[in-house]
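Take a look at the letters that make up each chain.
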Amino acid sequence: MPVLVISTRQGMTYEAEVRDFHDANREIDHFGREYLSNHPNDKIVDASVVAGGSIIARYFNGRLEDF
């Protein structure tokens, strides 16, 4: 199953298994509500979906590419 990996400017990482890009975007929104709302000086610098050792989607303009 693909894994969403989020990295922040301050070094926080978050991983979650996702089924599709809708699920991945929901996880990014959830991360924003749970973590970023409590750490206003931090922000997402990279988010990617990895499957089988390869990146299949990247974070761009606040959302992930379709995969």
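Residues numbered from 1 in each chain as written. Predicted model: local features only at pLDDT ≥ 70, side-chain atom pairs only at ≥ 80, totals over all residues. Heavy atoms only, no water.

(A) Looking closely at the nonpolar core. In terms of nonpolar packing, the biggest core is built from twelve residues, these being L4, I6, V18, A24, I28, F31, Y35, I44, A47, V49, A57 and L64. Of all the secondary structure elements, the ones that give two or more residues to this core are β1 (3-8), α1 (21-36) and β3 (44-51). By residue number, the principal contributor to this core is α1, which donates four residues. Among all residues touching F31, those that are not within four sequence positions of it are I6, T8, M12, Y14, L36 and I44. (Core = buried A, V, L, I, M, F, W, Y, C linked by side-chain atoms within 4.5 Å. Buried < 20%, exposed > 50% of the residue type's maximum accessible area, 1.4 Å probe, protein only. Helix = DSSP H or I, 4+ residues; strand = E, 2+ residues; numbered from the N terminus. Contact = heavy atoms within 4.5 Å.)

(B) Structural view of the packing of aromatic side chains. Within this structure, the stated rule accounts for two aromatic pairs. Look at Y14 and F31: their rings are 5.3 Å apart centre to centre, the planes differ by 35°, and that puts the pair in the tilted class. Of this pair, Y14 sits in strand β2 (residues 13-17) while F31 sits in helix α1; the two residues are 17 residues apart in sequence, bridging distant segments of the chain. Among the residues examined, F31 registers a relative accessible area of 3% and is labelled buried. (Phe/Tyr/Trp six-rings, centres within 6.5 Å; stacked < 30°, edge-to-face > 60°.)

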